[in-house]
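So the chains spell out like this:
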Amino acid sequence: MDADVTEPAVLRLAGPVSPSDGARLCAELARRAAAGAEEALCDVSGVHPPHLAAVDALARLCLTARRTGCRLRLHRPARNYALCSSSWGSRSRWA
């Protein structure tokens, strides 16, 4: 099955977030990037409040995006995510 690369790949991170969610989302992002997606949109509006497992998953997603050359945008992040992502050097954009 071919990916539609004209639209951003959409990933959803919703609470409660488990430690295995980061690996699952990274694998999905890598699969979509390999299929030609150049941009991914991660909806984090369902995670309240931010906690360690969610921050870890986002950090891993940012690293996967950088490694695969896919641009990552976070949709409706809590202010705390912006503060955390700047601490790990994320170049993610906020949507």
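Keep in mind that this is a model prediction, so the values were computed, not measured.

**A few points about the nonpolar core**
Inference 1: One finds Leu 13, Leu 29, Cys 42, Leu 58, Leu 61 and Leu 72 to be the most contacted residues of the largest nonpolar core, which totals 23 residues.
Inference 2: At the level of secondary structure, the elements contributing two or more residues to this core comprise strand E1 (9-14), helix H1 (19-34), strand E2 (39-46), helix H2 (52-68) and strand E3 (71-75).
Inference 3: Element by element, the count of residues in this core is highest for H2, at 7 residues.

**Overview of the side chain of Glu 39**
Inference 1: Along the chain, the position of Glu 39 falls in strand E2.
Inference 2: In this structure the side chain of Glu 39 is engaged in a polar contact, spanning 2.8 Å, whose partner is the side chain of Arg 73.

**Section: the pattern of salt bridges**
Inference 1: Taken as a whole and judged by the stated rule, the model has 7 salt bridges.
Inference 2: The salt bridge partner of Glu 39 is Arg 71, with a shortest N-O separation of 3.6 Å. Here Glu 39, found in strand E2, pairs with Arg 71, found in strand E3; they are 32 residues apart in sequence, far enough to count as distant.
Inference 3: Of the residues examined, Glu 39 reaches a relative accessible area of 16% and is grouped as buried.
Inference 4: Judged by relative accessible area, which is 42%, Arg 71 ranks as partly exposed.
Inference 5: One salt-bridge network, in which partners are shared between bridges, spans Glu 28, Arg 31 and Arg 32.

**Digging into the pairing of E2**
Inference 1: For E2, a buried count of 7 out of 8 residues is recorded, marking the element as mostly surrounded by other parts of the structure.
Inference 2: Here E1 pairs with E2 via 5 bridges, running parallel. Each bridged residue has a counterpart across the sheet, and for Leu 11 the counterpart in E2 is Cys 42.
Inference 3: Since E1 and E2 lie parallel, the crossover through H1 that links them has a hand, and here it is right-handed.

**A closer look at the confidence of the model for the chain**
Inference 1: The predicted model of the chain has a mean per-residue pLDDT of 80, with 77% of residues at 70 or higher.
Inference 2: Mean pLDDT values over the elements of the chain span from 52, in strand E4 (residues 93-94), up to 93, in H1.
Inference 3: Of the regions scoring below 50 in pLDDT, residues 1-5 engages in 4 contacts with residues more than four places distant in sequence or in other chains.

**Notes on the environment of Ala 37**
Inference 1: Relative to the elements of secondary structure, Ala 37 occurs in the loop between H1 and E2.
Inference 2: Taking relative accessible area as the criterion, Ala 37 reaches 10% and is therefore assigned buried.
Inference 3: The sequence separation of Ala 37 and Arg 71 amounts to 34 residues, and the corresponding C-alpha distance is 9.0 Å.

Calculation rules
Residues numbered from 1 in each chain as written. Predicted model: local features only at pLDDT ≥ 70, side-chain atom pairs only at ≥ 80, totals over all residues. Heavy atoms only, no water. Core = buried A, V, L, I, M, F, W, Y, C linked by side-chain atoms within 4.5 Å. Buried < 20%, exposed > 50% of the residue type's maximum accessible area, 1.4 Å probe, protein only. Helix = DSSP H or I, 4+ residues; strand = E, 2+ residues; numbered from the N terminus. Polar contact = N/O pair within 3.5 Å; in protein donor to acceptor, adjacent residues only side chain to side chain. Salt bridge = Lys/Arg side-chain N within 4 Å of Asp/Glu carboxyl O. Pairing = 2+ DSSP bridges. Right-handed = clockwise from strand over helix to strand, strands pointing away. pLDDT = per-residue confidence, 0-100. Contact = heavy atoms within 4.5 Å.

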